[in-house]
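Below, each chain spelled out in residue letters.
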Amino acid sequence: MYASRLSRRAVLAGTAAAAALTAVPVVHGRAYGAEVPAATPTYRWRTAAIGGTGFVTCVLFHPSVRGLAYARTDIGGAYRWDDRAARWTPLTDHLGWDDWNLLGVEAIAVDPAHPNRLYLALGTYAQSWAGNGAVLRSDDRGATWARTDLTVKLGANEDGRGAGERLLVDPRDSDTLWLGTRHDGLLKSTDRGATWAAASGFPGTPSATGQGVTLLVAAGRTLYAGWGDSDGTSAGANLYRTTDGTTWEAVPGRPTGTAAKVPIRAAYDRHTRELYLSYANAPGPNGQSDGSVHKLRTTDGKWTEVTPVKPGGTTSDGSADSFGYGGVAVDARRPGTVVVSTNNRWAAIDTLYRTTDGGLTWTSLKDAAVFDVSETPFLNWGADKPKFGWWIQAVGVDPYDSKHVVYGTGATLYGTRDLKNWAPQIRGLEETAVRQLISPPVGEAHLISGLGDIGVMYHERLTASPSRGMATNPVFGSATGLAQAAARPAYVVRAGWGDHGNGAYSNDGGQTWAPFEAQPTIAKDAPGPIAANADGSVLLWSFVHWDGTKYPAHRSADNGTTWTEISSFPKGATPVADPADPTLFYAYDTDTGTLLASTDSGRTFTARATGLPSGDSQFKLVAAPGRSGDLWLSTKTNGLYRSTDGGATFAKVDSCWASHTLGFGKAAEGARYPAIYQVGATESITAVYRSDDEAKTWVRINDDQHQWGWTGEVITGDPRIHGRVYLATNGRGIQYGEPV
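These remarks concern the structure in this document. (Residues numbered from 1 in each chain as written. Predicted model: local features only at pLDDT ≥ 70, side-chain atom pairs only at ≥ 80, totals over all residues. Heavy atoms only, no water.)

**A short note on the environment of Ala 369**
And step 1. When you line up the elements, Ala 369 lands in the loop between β25 (363-364) and β26 (370-371).
And step 2. When the C-alpha positions of Ala 369 and Gly 312 are compared, they lie 24 Å apart, and in sequence the two are 57 residues distant.
And step 3. Leave out the neighbours within four places in its chain, and Ala 369 touches Phe 388, Lys 420 and Trp 422. (Helix = DSSP H or I, 4+ residues; strand = E, 2+ residues; numbered from the N terminus. Contact = heavy atoms within 4.5 Å.)

Okay, structure coming up:
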């Protein structure tokens, strides 16, 4: 994750949880999610290529099958590596609206004795407002699944999400699985994950706020469990073991102190019979400032510290060189060959260390690394070259190729075949949380996107990562606003989190940018949605802090040179420009259920329709293209409303009972009105729908294998291609569909 204020991967804990729900669905009311037959027309769904963009929390090479690997992400599901095609295949896109909390993968397990078996532990948040976790089990490498719902919560997008693995197949019995949880201790299954119960005799005492079991690893026939709630002293055990699956004991002689407080990852060298463990003073990926690496010789219990470089000291510019240790992987072909990663090393930049002599000496692979990110240019982050990485807690060494090393970062997976030349090994893995989408009516690109963590992108092609990378001048972390002047499509504006300005404009359709000459003071701390009127002569910018605090909107009539406050605009609302009349703007006050309008180019707003659904900031107002005053209001399970008189009155659309987000595309042949696309419900299931008859009827256009969890942020059709639709997901990138 690029450094920016509160991204989609912000850790939710305690009272901060409710305030941080900006990228998390609020689901309530009527239960829905039953299966219904997919409607025609048949659609082909693909993911717009960007390349990773999110935190890859584990990469796991299968120990028994050449070329087979799996990866998990914090909010974007799990993937299987196809070595022949050199790309990742998503394995959890079938999870639907009601299962949005299962798109985060807490742990992966494979069975060395049964190569086709695969297990996933799912659950994004362990907070009270999130659902319980689940375990998926497959006999065909994730092509199909059986599912067991758990009675406990998991936390794939919380602190400690790079630790692991927390799921393990018992090497003595393939029917026995172990699952470490954060708040409910150690679980055990004796029927291949079909049922689960608390493991008897496990000494760790879970707490409602702790880390619980951080890792499970087998060393021969002995199982080890890392415990994240120790205080780091000799009295507080943080590593347990069992030789019979019943009796557990604290491992004697284990390291103590701040640098060995939390066990993060472990790997067993079967040749030397040594267990390597990485440690930090916090579970990470943030907040680590100390750490170490140790190995345990399992034959006699001898511990040896093999830390490559101890955290501390200062860098050349005087910054504190603080960090922890993250990933650890052994080379299955070469005894004593191990790769470990630093983590949270922002001053000197994270690296991988490799040893070939059991930790006596180490080499930093960063020092000789040559990167080629031409396939995913955004990894330069607006600079001349990419960093080696950050948030490195996933490390894998191919058991059939000692020089094939892969590591995950907060934005991608890098791989090498010679320990020197590195490139993203990321094709097919798309994890972006999407905030805004525009499909321009003219120009090279059919899509411009506003994204969590990686700003705004201009997609010249949907099958290749944008050649310009992320929008620069300035670079943003997460985008908060993106708008195009309807009658002047070359003019585009954007807003977002950034250290060198929070708003910018483009006069070439989003290809190049310049920052606003000035911006309101509040923009730095609370950049929100932005709108441009039909001819691009007026901008309205709303401001909402990440904690939900709303501030007065501002107006500029000189391309961002000067700004004035709009006292009559509802604080925190999203401004909507009329696409045909440059004097008209609209805003929906979700606090009061009131539609407000401006007829003087945004200078003042007055109330029109009142008494509409209220109380949810995720209600969305959109204007139909090419028409003045034609407004559509999505109010989730309160339904869909339409106004044809500029918001003076609204009528409820009775062809659907739920509408979460709605957009428009090119009209069907012979139709007078644009095609309408929405994420909503006409019967029992929340799905993606299209209407070619002005919302009189709808057809479902996604299917049960293409659901992607929560998809309620934004949807838009293509104004140049009838039937093509672009859909935002919260961790599976931009999905686009076309009729077959």
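**Some points on the packing of aromatic side chains**
And step 1. Counted according to the given criterion, the structure contains 28 aromatic pairs.
And step 2. On the numbers, 5.2 Å between centres and 70 degrees between planes, the contact of Tyr 407 with Trp 422 is edge-to-face. Placement of Tyr 407 in strand β28 (residues 405-408) and of Trp 422 in strand β30 (residues 421-424) is noted, with a sequence separation of 15 residues between them. Like Tyr 407, the residue Trp 422 is buried in the burial classification.
And step 3. Counting every residue linked through ring pairs, the aromatic cluster contains Trp 178, Phe 202, Trp 227, Tyr 240 and Trp 248. (Phe/Tyr/Trp six-rings, centres within 6.5 Å; stacked < 30°, edge-to-face > 60°. Buried < 20%, exposed > 50% of the residue type's maximum accessible area, 1.4 Å probe, protein only.)

**Here's the deal with the pairing of strand β47 (residues 631-634)**
And step 1. Of the two faces of β47, both are covered, the one formed by Leu 631 and Leu 633 as well as the one formed by Trp 632 and Ser 634.
And step 2. The sheet contact formed by strand β46 (residues 620-623) and β47 spans four bridges and is antiparallel. Residue pairing across strands places Ala 623 opposite Leu 631, the latter belonging to β47.
And step 3. In sequence, β47 turns back onto strand β48 (residues 640-643) through a hairpin of five residues, with Lys 636 there showing a positive phi of about 55 degrees. (Pairing = 2+ DSSP bridges.)

**Regarding the sheet that holds strand β6 (residues 105-111)**
And step 1. With antiparallel pairing, four strands are arranged side by side in an open sheet as β6-β7-β8-β9. Strands at the two margins of the open sheet, each flanked by one partner only, are β6 and β9 (146-149). The mean inter-strand angle of the sheet, taken between neighbouring strand axes irrespective of direction, is 15 degrees.
And step 2. Pairing between β6 and strand β7 (residues 114-122): six bridges, direction antiparallel. Following the sheet pairing, Asp 111 is matched in β7 by His 114. (Axes fitted to C-alpha atoms, helices over the stretch in contact; angles between N-to-C directions.)

**Some details on unusual backbone geometry**
And step 1. In this chain, Gly 164 is followed by Glu 165 through a cis amide linkage whose omega measures 0 degrees.
And step 2. Positionally, Glu 165 belongs in the loop between β9 and β10 (167-169).
And step 3. The omega torsion across Asn 473 and Pro 474 is 0 degrees, close enough to zero to call that bond cis.
And step 4. Tracing the backbone shows Pro 474 in the loop between β33 (455-459) and β34 (479-485).
And step 5. The phi angle at Leu 419 is positive, at roughly 70 degrees, despite the residue not being glycine.
And step 6. Inspection of the secondary structure assignment puts Leu 419 in the loop between β29 (413-416) and β30.
And step 7. For Leu 419, a relative accessible area of 14% puts it in the buried group.
And step 8. Phi is positive for Asn 473, close to 60 degrees, though the residue is something other than glycine.
And step 9. With respect to the secondary-structure elements, Asn 473 resides in the loop between β33 and β34.

**A closer look at the pairing of strand β43 (residues 585-589)**
And step 1. The element β43 is largely enclosed, with a buried count of five among its five residues.
And step 2. The two faces of β43 match: Phe 585, Ala 587 and Asp 589 on one face and Tyr 586 and Tyr 588 on the other face are all buried.
And step 3. Relative to strand β44 (residues 594-598), β43 is paired through five bridges, and the arrangement is antiparallel. Note that in β44 the partner of Tyr 586 across the bridge is Ala 597.
And step 4. Where β43 hands over to β44, the hairpin turn is made up of four residues, of which Gly 593 adopts a positive phi near 70 degrees.

**Here we look at the sheet that holds strand β32 (residues 447-451)**
And step 1. Overall, antiparallel pairing links the three strands, which are arranged β31-β32-β33 in an open sheet. Looking at the sheet topology across the chains shown, the edges are occupied by β31 (434-438) and β33. Sheet twist, expressed as the average angle between the axes of neighbouring strands with direction ignored, equals 20 degrees.

**So, the side chain of Ser 292**
And step 1. Secondary-structure assignment places Ser 292 in strand β20 (residues 291-297).
And step 2. Overall, the relative accessible area of 2% leaves Ser 292 in the buried class.
And step 3. One polar contact links Ser 292 to His 294, side chain to side chain, over a distance of 3.0 Å.
And step 4. In contact with Ser 292, other than residues within four places in its own chain, are Ala 259, Ala 260, Leu 277, Ser 278, Tyr 279, Glu 305, Thr 307 and Tyr 325. (Polar contact = N/O pair within 3.5 Å; in protein donor to acceptor, adjacent residues only side chain to side chain.)

**Thoughts on a positive patch on the surface**
And step 1. A surface patch of like charges, here positive, comprises Arg 66, Arg 333, Arg 334 and Lys 403.
And step 2. Looking at the secondary structure, you find Arg 333 in the loop between β22 (324-330) and β23 (338-343). (Patch = residues over 30% accessible without salt bridge, like charges linked within 9 Å, V, L, I, M, F, W, Y side chains within 5 Å. Areas by Shrake-Rupley, 256 points an atom, 1.4 Å probe, with all protein chains shown as cover. Salt bridge = Lys/Arg side-chain N within 4 Å of Asp/Glu carboxyl O. Lys, Arg positive; Asp, Glu negative; His and termini not counted. Charge placed at Lys NZ, Arg CZ, Asp CG, Glu CD.)

**Quick look at the pattern of salt bridges**
And step 1. Under the counting rule described, the total for this entry stands at 28 salt bridges.
And step 2. With a closest N to O distance of 2.9 Å, Glu 694 and Arg 642 form a salt bridge. Here Glu 694, found in the loop between β52 (687-691) and β53 (699-700), pairs with Arg 642, found in strand β48; they are 52 residues apart in sequence, far enough to count as distant.
And step 3. You can call Glu 694 partly exposed: its relative accessible area is 29%.
And step 4. The partner of Asp 718 in a salt bridge is Arg 724, with the nearest N and O atoms 3.6 Å apart. Assigned by exposure class, Asp 718 and Arg 724 land together as buried.
And step 5. Connected through salt bridges with shared partners, the residues Arg 46, Asp 718, Arg 724 and Glu 738 form a single ionic network.

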